[in-house]
Amino acid sequence: MTDSTPKAQSSQTSPQFEIQRIYTKDLSYEAPNTPHTFVEDWKPEVQLNLETKSNRIQENMHEVVLSVTATVTSSKKSAFLIEVHQAGIFLISGIPNDQLRQMLGSFCPNILFPYAREVISDIVVRGGFPQLLLAPVNFDALYAQHMEEQSKHPKTEDSTEGDSGKVH
């Protein structure tokens, strides 16, 4: 008799997390006031919006989409607007719903953010502007803030999917 059966059973119940794919789902870039922006004094002001959404695409398989929108103005005129929807497909199993929500709303966006940051930096430079390096984001704190807001304004539906957070 071998002990492979107990090991097989225990591996089925143990938590599992795997990145299946990371990809840019959508990308938009606009520089409405060029070439005038290039000849004026460069005094950039950046407004950053973050939003995460997730959906189950099949059992234990989730798509998480991190939307990052950067609006940059200079001398109160629009310099450029860039929006990136960085997505990933994640295999997640053997995790309780409350932990699954945190993984979808915090852990996975933490994985996706460096990719979105790189896309933004690359496109902005290709657009003729100085490199835009976004500061790291504490998705754990944003998720906690989102959950606190949810507890104050509960939805009628208890779901592990959908909007995982929004920051302005």
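Numbers given to residues run from 1 along each chain, matching the order in which its sequence is written. Reporting of local features is limited, given that this is a predicted model, to residues whose pLDDT is at least 70; pairs of side-chain atoms are given and counted only at 80 or more, and all residues count toward the totals for whole chains, interfaces and linings. The basis for the side-chain values is all heavy atoms of the structure; hydrogens and waters are excluded.

1. What to know about the pairing of strand β2 (residues 44–58)
Strands are treated as partners if at least two bridges between them are detected by DSSP. Elements are defined by DSSP. Helices are runs of H or I of four residues or more, strands are runs of E of two residues or more, and each kind is numbered from the N terminus. Here β2 pairs with strand β3 (residues 61–74) via 14 bridges, running antiparallel. Of the residues in β3, the one forming a bridge with N49 is T69. Here β2 folds back onto β3 in antiparallel fashion, the turn holding two residues, of which N60 has a positive phi close to 65°.

2. Details of the pattern of salt bridges
We define a salt bridge as a contact between a side-chain nitrogen of Lys or Arg and a carboxyl oxygen of Asp or Glu at a distance within 4 Å. The tally for this structure, following the rule as stated, stands at five salt bridges. Between K25 and E63 there is a salt bridge, and its shortest N-O distance comes to 2.8 Å. Of this pair, K25 sits in strand β1 (residues 16–30) while E63 is found in strand β3, placing the two residues 38 residues apart along the sequence. Since its relative accessible area comes to 46%, K25 is described here as partly exposed. Three labels apply to residues, based on accessible area from a 1.4 Å probe with only protein chains included: buried if under 20% of the type maximum, exposed if over 50%, partly exposed otherwise in between.

3. Quick word on the nonpolar core
Among the buried residues, those of types Ala, Val, Leu, Ile, Met, Phe, Trp, Tyr and Cys that are joined through side-chain atoms within 4.5 Å form a nonpolar core. Formed by 30 residues in total, the largest nonpolar core has its most connected members in V68, F80, I92, F113, I120 and L132. At the level of secondary structure, the elements contributing two or more residues to this core comprise β3, β4 (77–93), α3 (97–126) and α4 (139–152). When checking whether two residues touch, look at their non-hydrogen atoms; a contact exists if any pair is within 4.5 Å. Residues in contact with L132, not counting those within four places in the same chain, are V46, A70, V72, F80, I120, S121 and V124.

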